[in-house]
Amino acid sequence: MSTLAVHDHGVVHHEEGHEHHHKATFLNTYVFSQDHKYIAKQFLVTGIIMAFIAMTLSILFRIQLAYPDRSFPLLETLLGRFAPGGRLSPDFYMSLVTIHGTIMVFFVLTAGLSGTFANLLIPLQVGARDMASPFVNMLSYWFFLTASIIMLSSFFVEKGPASGGWTIYPPLSALPEAMPGSGLGMTLWLISMVCFIGSSLMGGINYVSTVLNMRTKGMDLWKMPLTVWALFLTAVLGVLAFPVLVAGVVLLIFDRSFGTSFYLSDIVLNGHVMPYEGGSPILFQHLFWFLGHPEVYIVIMPAMGIASEVIAVNSRKPIFGYHAMVYSLIGISVLSFIVWGHHMFITGMNPFLGGVFMITTLIIAVPSAVKTFNWLATLWRGNIRFTPAMLFSIGMVSFFISGGLTGIFLGNAALDIPLHDTYFVVAHFHLVMGSAAIFGMLAGVYHWFPKMFRRLMDERLGYLHFWITFIGAYLVFFPMHFMGLDGVPRRYYALTEFPAFNRWLTVNTFITWAAIMAGMAQVAFIVNFVYSIFWGKKTTQNPWNANTLEWTAPIEHHHGNWVGEIPTVYRWPYDYSKPGADEDFIPQTVPYSETMSSNLPHDFEDNPAGLEEYTKWTIANKANEEVK
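Sequence order as written defines residue numbering, which begins from 1 separately in each chain. Residue-level local features of this predicted model are given only where pLDDT is at least 70; pairs of side-chain atoms are given and counted only at 80 or more, and the full residue set underlies all totals for whole chains, interfaces and linings. Side-chain metrics rest on all non-hydrogen atoms present in the structure, leaving aside hydrogens and water.

Participant: So what's going on with the packing of helix α15 (residues 423–453) against helix α16 (residues 459–485)? Residues and values would help.
Facilitator: The axes of two packed helices give the description: the angle between them and the distance between them. Between the N-to-C directions of two axes lies an angle of 0 to 180 degrees, each axis being a line fitted to C-alpha atoms and, for a helix, fitted only over the stretch in contact. Runs of E in the DSSP output that reach at least two residues are strands. Runs of H or I that reach at least four are helices, and both are numbered from the N terminus. Running from N to C, α15 and α16 point in directions that differ by 165 degrees, and their axes come no closer than 7 Å. Overall, the two elements α15 and α16 adopt an arrangement that is roughly antiparallel. You can see that α15 and α16 cross each other, and the crossing is left-handed. Residue composition of the contact of α15 with α16, grouped by class: 17 nonpolar, eight polar and no charged. Here the angle decides the label: under 35 degrees means roughly parallel, over 145 means roughly antiparallel, 65 to 115 means roughly perpendicular, and every other value means oblique. Two helices crossing with the near one rotated counterclockwise from the far one by less than a right angle form a left-handed crossing, whereas a clockwise rotation gives a right-handed crossing. Under the scheme applied here, ten amino acids are nonpolar (Ala, Val, Leu, Ile, Met, Phe, Trp, Tyr, Cys and Pro), four are charged (Asp, Glu, Lys and Arg), and all others, including Gly, are polar.

Participant: Outline empty space enclosed by the protein, listing residues and values.
Facilitator: Here a cavity denotes grid points, spaced 1 Å and computed from the protein atoms alone, that fit a 1.4 Å probe unable to get out, and a pocket denotes an open set having protein on both sides within 12 Å along at least 5 of 7 lines; residues with an atom within 4 Å of a point are the lining. Grid points are joined across faces, edges and corners, and a volume is the space filled by probe spheres set on the points. Counted by the stated rule, this structure contains six cavities of 30 Å³ or more. Quantified by volume, the largest cavity comes out at close to 1,100 Å³. Looking at the largest cavity, it is lined by 44 residues, and the ones nearest its centre are Ser58, His100, Met104, His430 and Phe477. Of all the secondary-structure elements, those providing two or more residues to the lining of the largest cavity are α2 (36–66), α4 (90–108), α15, α16 and α18 (505–535). Per element, the largest residue contribution to the lining of the largest cavity is 12 residues, and it comes from α15. The residue makeup of the lining of the largest cavity, split by class, is 31 nonpolar, 10 polar and three charged.

Participant: Any details on the pattern of salt bridges? Residues and values, ideally.
Facilitator: What counts as a salt bridge is simple: a side-chain nitrogen of Lys or Arg found within 4 Å of a carboxyl oxygen of Asp or Glu. Counting across every chain of the model gives 11 salt bridges. The closest approach of N and O atoms between Lys37 and Asp35, which form a salt bridge, is 3.1 Å. Judged by relative accessible area, Asp35 falls into the buried class, the value being 4%. For Lys578, the salt bridge identified is with Asp603, shortest N-O distance 2.7 Å. Whether a residue is buried, partly exposed or exposed follows from its accessible area with a 1.4 Å probe, protein chains only, as a fraction of its type maximum: under 20%, in between, or over 50%, in that order.

Okay, structure coming up:
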């Protein structure tokens, strides 16, 4: 039988029947596993735990903002010296804001999202037995876990965890004497981040190597699902950008411990002139944001890939504009490296240079808009199945649109200068990055839960989780736009001292209760998640009738993914509801010769032999119809 497909002879193929011949024990199966599927579960569970910790921290400081003059004895019982008299101390408030932001940006939305789905999906969707280096993959998780433990351990040092904001700007981060959170807590923050970046680099190199070198027969780049494209480009961004933060952190450690002056100059502390000369805190901002803006896309691009896959599967339609989606991801990746200066408009930047950064920032909205319109076009007139994963994907698109529109405001220097460091910025990035990425992550959990745990999550609890979280997130972050427009500054411990801002106290109270409501919805998720792992309904091999390779692997986990030969790929991953097909989906492993009635001329753009055979079949079939 003819396959009518051009195979990619430039990729490395696995030997048939390849297996890992090591004795299975509890330790090497579940703890020090080198199987990418178990490592994905480890990243997911650790990421969920870190997310709940970060959410708890946010509720604690939201209570302070809602009731700045009220005492809560329970807080003193729980937090001890950090909440004397039942009120958070100002220093500890800043520490909560700092660690909350750090955990969410790096430990949940970077490692939890990419670590989970890059590990789970890349080998399964490109047709590989495992990652390029399973051992390095295992190390990437253990570096991540080590970084998480070090970060959380800072709550147990005498002066408390790091403070100064998740961006750790000098001089608060460079002078151990600046405030309580600038001491040992900041040192632990820096050590934790070095371990975290080591984890990200090991993972990223593995992901890139696997995509480039280990695709199965027939899997060329234009047959890869958008999830793999997004995770691949995310890994490239991480490998290029994270080392810059390491350099910034190393210089910061030198300033803190060895008396150098990379970031410090003309410092007076408690009336004492410090011996620092010649440094500039602006240098740190350049180094931090050179990572910091690609980091925004390291966070959101995996969610984009997940949403693209889930929307196509549950709309029962081909993804609209596949090539445009890929090129927009590439465009976002390139442009993300030349827009970092829009975080620094108020640093005294040369107006010409500010104009350059403003233009590149507005240009990056173009590929983002392409993706948004393509998602909407895929949804348009689709035969939509409103699974929990689909709802979270649509929610991700909603947050990306509403949060992204305010990014156009902040990308304009004339508007950013008065809005900088106000609640408008908080609202913007919590919608476009925080909420959108979290919803993309949750969509992925609901969609690929059967592949990870061989069971289905409960849909009713999934719907409850979605609606309360979706409504709660908008109730929390949308009002902040109006606070920011009125000039209300972020990170302030209490606004009651300022008559101009005191009128927003009732809004802060409303936001706090909305946050508590959204936090309670996550209880439904965690109950659903844990219950379904052990007692959920058992899944079939392909519960969503999807086309991608991971659903051809056996339900029972096998280290090597497929028993025997890895399937060959013949077509792109989005052949849904194709006219003339017997079913509304055609897996990538089905040759075109088996679907002659549904083939189209453009299916054979790079396959002249296949096009010739298809033409012959069409002529013969037309002749038979005329005879009949």
